[in-house]
Amino acid sequence: MKEGDVLSRCYVVRLYGLPWLAWFAPALFVSCISYTAAFFPLLCSAVWAAICTALLSLLPQAAARLLGTLANLLVICYALIQAGYFCIFQRFLWLRDVAYLRDGAEFANSVFSYLSVGFLAGAAGLLALSLLACRLRPRTQPNRLRFVLACFGALTAAALLSFCAPDNTRYDALGVCKATGLYQTAAYDISEHFMQPALCQTDAEQARAQVSAYLNTYGSSGAANSMTGKLRGKNVILVLIESADDWTITQDSAPTITRLMQEGIQFTNFYTPLYGSARTFNSEFAMNTGIFSPTDGTLVTSYQTNDFSESLPNQFRTSGYTANAFHYNSPSFYSRGVMDPAMGYEQYISYMDYTNNSFSSELYEDCFVLTNPALQNKLLPTDRPFFNFVISRNAHMPYGNGDSVGTYALQKYPQYANCDSCSEVPYYYAKIRLLDDFFAQLLQELEQRNLLQNTVIIGVTDHYAYTMNDQQRVRELSHVPVDLLVERTPCFIWSADMQPMTVSKLCNTADLAPTLLNLFGMDCAGYLGHDIFDETYAGYAIFSDGSWITSDAVYQNGAIAYTFPNHTITQTEIAAMNTRTSRYLAANNQILSSDYYCR
């Protein structure tokens, strides 16, 4: 081979080969980490890599090095965030969801426990490849033919890729990536969630009309039934039970919660689907409003000026109740200081305002709201009926000796040490026991204030144990035949004079608001969710990626993943449920974007 040929080929490799590989490698890395490697999405990513390579080849060496390296590092950061988020949550983010990462900063020291050596090695390899492509980029001379071909190729490829926009997966970033690859996911995200204009009045009216059509066909009817008004006039303590998976609530680990479930209404098929990216706040929002977080890349906080008159706190306040929200963390966390009043609460009350040290061990226990006299008086007033919302934190991740709350819990309850082959489970059970202490003390304080007979306690979990590193162990403890069924979580309603009841109907977080309103004799019509006691409601759980669970089957990844014993489902029924799912997801977003409940 002649020396000129070798030099020419080296020039081509340095100008096109290495840069293309540096652009393609982040997409390949993400697809390997998230198990989304497939021909078409990788082809899309390869074309995007070619576009970037071709455009940069038109620039002088210095400009190409600077702009190319900066842009490539930005892509690498995007890829690492998506891949890292998948390692922890088995999901992808929309770009606007990155704002929620700020709220998870206090748990940043736990992130590396979820990342494998292969992940870290891959990240280092991406950075090294990017720097190598920059360092070896050759000088270029103006070339009109290369310019024309590069522009033509870029425009043609972009036009072709515009036809790859997802359909049934458009509400789920991971689903979009599975269909079209990393670059097209980012392009779709920017196009749909940053470049679309706000709804004009005509569009908003059309969206409201579509929501009304959906609710008239599928929504809560508000019809009276045998449970209507059963709890009318009673006080309410609504508790978000942080991270309490169904297998974590046992007679040994949570004796008080177990008792309340056995004595009250226990929902044994209650599911907490994730919409958006913040699992806990998604559940808070859904249980209070009957609406899930938006799935179109918009943050819930974007709708803080919406009319949430249909929410639980607003409905109870209209009936003469006082309503406040309580939690240990600051008002800025998940923007609760803004969103809780927006949902109808008079005030978001942070425990940090009632101690001189926000890192004090007294805040390790949810019982602080009951042991602090000032907080207790706000939580359990005796001069007027109340609807108060307590957001617990005791069972929150992480589950290991690096966590101060976990260490405190296991020292207080050492009987859980070595209770399981998984090292995380002992910490989990000890934390659940701390949470159970809150319910035990709540019952005591209610009795001392002569409020026990007239107060309803509602416990709802925000999500299953998805933050445990050992997800295989979670599935073993949950005894589920398919993965989607791990989303089942505890939910109960307790009142001292209530007859025990077990409700096996399949239901979800959005059903809680209309169910409670019916129990308290208030109007529950016009909600996305349903009154669980409505005999015409068959029960289902719909997930943001288009999956669903009914009493007959589990539908996931475009097919029936599991059929329950002694049940069957026809293709007609599958098609009908898919139609409902598509309209449900659209209606959920349209309720928020059109401010549907604005009077």
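Preceding block: the structure.
The rules behind each value
Residues numbered from 1 in each chain as written. Predicted model: local features only at pLDDT ≥ 70, side-chain atom pairs only at ≥ 80, totals over all residues. Heavy atoms only, no water. Helix = DSSP H or I, 4+ residues; strand = E, 2+ residues; numbered from the N terminus. Rg over C-alpha atoms; globule rule 2.2 N^0.38 Å. Contact = heavy atoms within 4.5 Å. Areas by Shrake-Rupley, 256 points an atom, 1.4 Å probe, with all protein chains shown as cover. Lys, Arg positive; Asp, Glu negative; His and termini not counted. Charge placed at Lys NZ, Arg CZ, Asp CG, Glu CD. Buried < 20%, exposed > 50% of the residue type's maximum accessible area, 1.4 Å probe, protein only. Salt bridge = Lys/Arg side-chain N within 4 Å of Asp/Glu carboxyl O. Patch = residues over 30% accessible without salt bridge, like charges linked within 9 Å, V, L, I, M, F, W, Y side chains within 5 Å. Phe/Tyr/Trp six-rings, centres within 6.5 Å; stacked < 30°, edge-to-face > 60°. Lys NZ or Arg CZ within 6 Å of the ring centre and 35° of its normal. Pairing = 2+ DSSP bridges. Axes fitted to C-alpha atoms, helices over the stretch in contact; angles between N-to-C directions. Parallel < 35°, antiparallel > 145°, perpendicular 65-115°, else oblique. Nonpolar A, V, L, I, M, F, W, Y, C, P; charged D, E, K, R; others polar.

Scanning the chain from N- to C-terminus turns up 19 helices and 14 strands. Expected size for 599 residues packed as a compact globule is a radius of gyration near 25 Å; at 27 Å, the chain falls within 12% of this value. Projecting the C-alpha coordinates of the chain onto the three principal axes gives extents of approximately 95 × 55 × 50 Å. Within the chain, residue pairs in contact and separated by at least 24 positions form 77% of the contacts whose partners lie at least 6 positions apart. Accessible surface, the chain: about 24,900 Å² in total, of which carbon and sulfur atoms supply 56%. Positive and negative side-chain charges in the chain, numbering 36 and 49 respectively, have mean positions lying 10 Å apart.

Looking at the secondary structure, you find Leu477 in helix H17 (residues 471-478). Given the relative accessible area of 16%, Leu477 is considered buried. Along the chain, Leu477 and Ala224 lie 253 residues apart, while their C-alpha atoms are 39 Å from each other. Excluding its chain neighbours within four sequence positions, the residues that come into contact with Leu477 are Trp247, Asp420 and Val425.

A few words on the pattern of salt bridges. The final tally for this structure, using the stated rule, is 13 salt bridges. We note a salt bridge from Arg488 to Asp246, for which the minimum N-O separation is 2.9 Å. Taken together, the residues span a long stretch of sequence, with Arg488 in the loop between H17 and strand E8 (491-494) and Asp246 in the loop between strand E1 (235-241) and helix H9 (255-263) at a distance of 242 residues. Residue classification places Asp246 among the partly exposed residues on the basis of a relative accessible area of 23%. For Arg473, the salt bridge identified is with Asp420, shortest N-O distance 2.6 Å. Remark: Asp420 occurs in the loop between helix H15 (404-412) and helix H16 (424-448) and Arg473 occurs in helix H17; sequence separation between them is 53 residues.

With that settled, consider the side chain of Ser311. Its location among the elements puts Ser311 in the loop between helix H10 (279-289) and helix H11 (312-318). Under the relative-accessibility criterion, Ser311 is labelled buried at 0%. When neighbours within four sequence positions are excluded, Ser311 is seen to be in contact with Asn288, Thr289 and Met343.

Moving on, we get to a nonpolar patch on the surface. A cluster of nonpolar side chains, namely Phe39, Phe40 and Leu43, defines an oily patch on the protein surface of about 330 Å² accessible area. Positionally, Leu43 belongs in helix H2 (residues 39-57). Since its relative accessible area comes to 37%, Leu43 is described here as partly exposed.

Attention now goes to the packing of aromatic side chains. Any pair of aromatic rings gets described here by the distance separating the centres and the angle formed by the planes. Using the criterion set out here, one finds 34 aromatic pairs in the structure. With centroids separated by 6.0 Å and ring planes inclined at 40°, the aromatic side chains of Phe281 and Tyr334 adopt a geometry described as tilted. With Phe281 in helix H10 and Tyr334 in the loop between strand E4 (322-327) and helix H12 (336-343), this pair connects stretches of sequence that are 53 residues apart. Residue Phe281 shares its accessibility class with Tyr334, and that shared class is buried. Residue placement shows Arg279 over the ring face of Tyr466; its charged tip is 4.7 Å from the ring centre.

Residue Met397 is joined to Pro398 through a cis peptide bond whose omega torsion reads 5°. With respect to the element layout, Pro398 can be found in the loop between strand E6 (386-391) and H15. Backbone geometry at Tyr334 places phi at a positive 55°, although glycine is not the residue there. In this structure, Asn566 is a non-glycine residue whose phi angle is positive, near 65°. Along the polypeptide, Asn566 turns up in the loop between strand E14 (559-563) and helix H19 (571-593). Classification of Asn566 by relative accessible area gives exposed; the value is 85%.

In this section: the pairing of E1. Burial analysis of E1 places seven of its seven residues in the buried class, which makes it a mostly covered element. On E1, burial covers both faces: Asn235, Ile237, Val239 and Ile241 on one face and Val236, Leu238 and Leu240 on the other are all buried. The pairing of E1 with strand E7 (residues 455-461) spans seven bridges and is parallel. For Leu238, the partnering residue across the bridge sits in E7 and is Ile458.

So, about H10. It helps to recall that an α-helix has 3.6 residues per turn; residues three or four apart then point in one direction. Most of H10 is tucked away: 11 of the 11 residues are buried. Positive phi appears at Gly290, one or two residues downstream of H10, with a value of about 80°.

A word on the packing of helix H3 (residues 61-89) against helix H7 (residues 182-193). Between H3 and H7, whose axes approach to 11 Å, the crossing angle comes to 95°. With respect to each other, H3 and H7 are oriented roughly perpendicular. Packed against H3, whose contacting residues are Val75, Tyr78, Ala79 and Gln82, the element H7 presents Leu182, Tyr183, Thr185 and Ala186 at the interface. Within the contact of H3 with H7, the residues separate by chemical class into six nonpolar, two polar and no charged.

Just distances and angles here, no functional claims.
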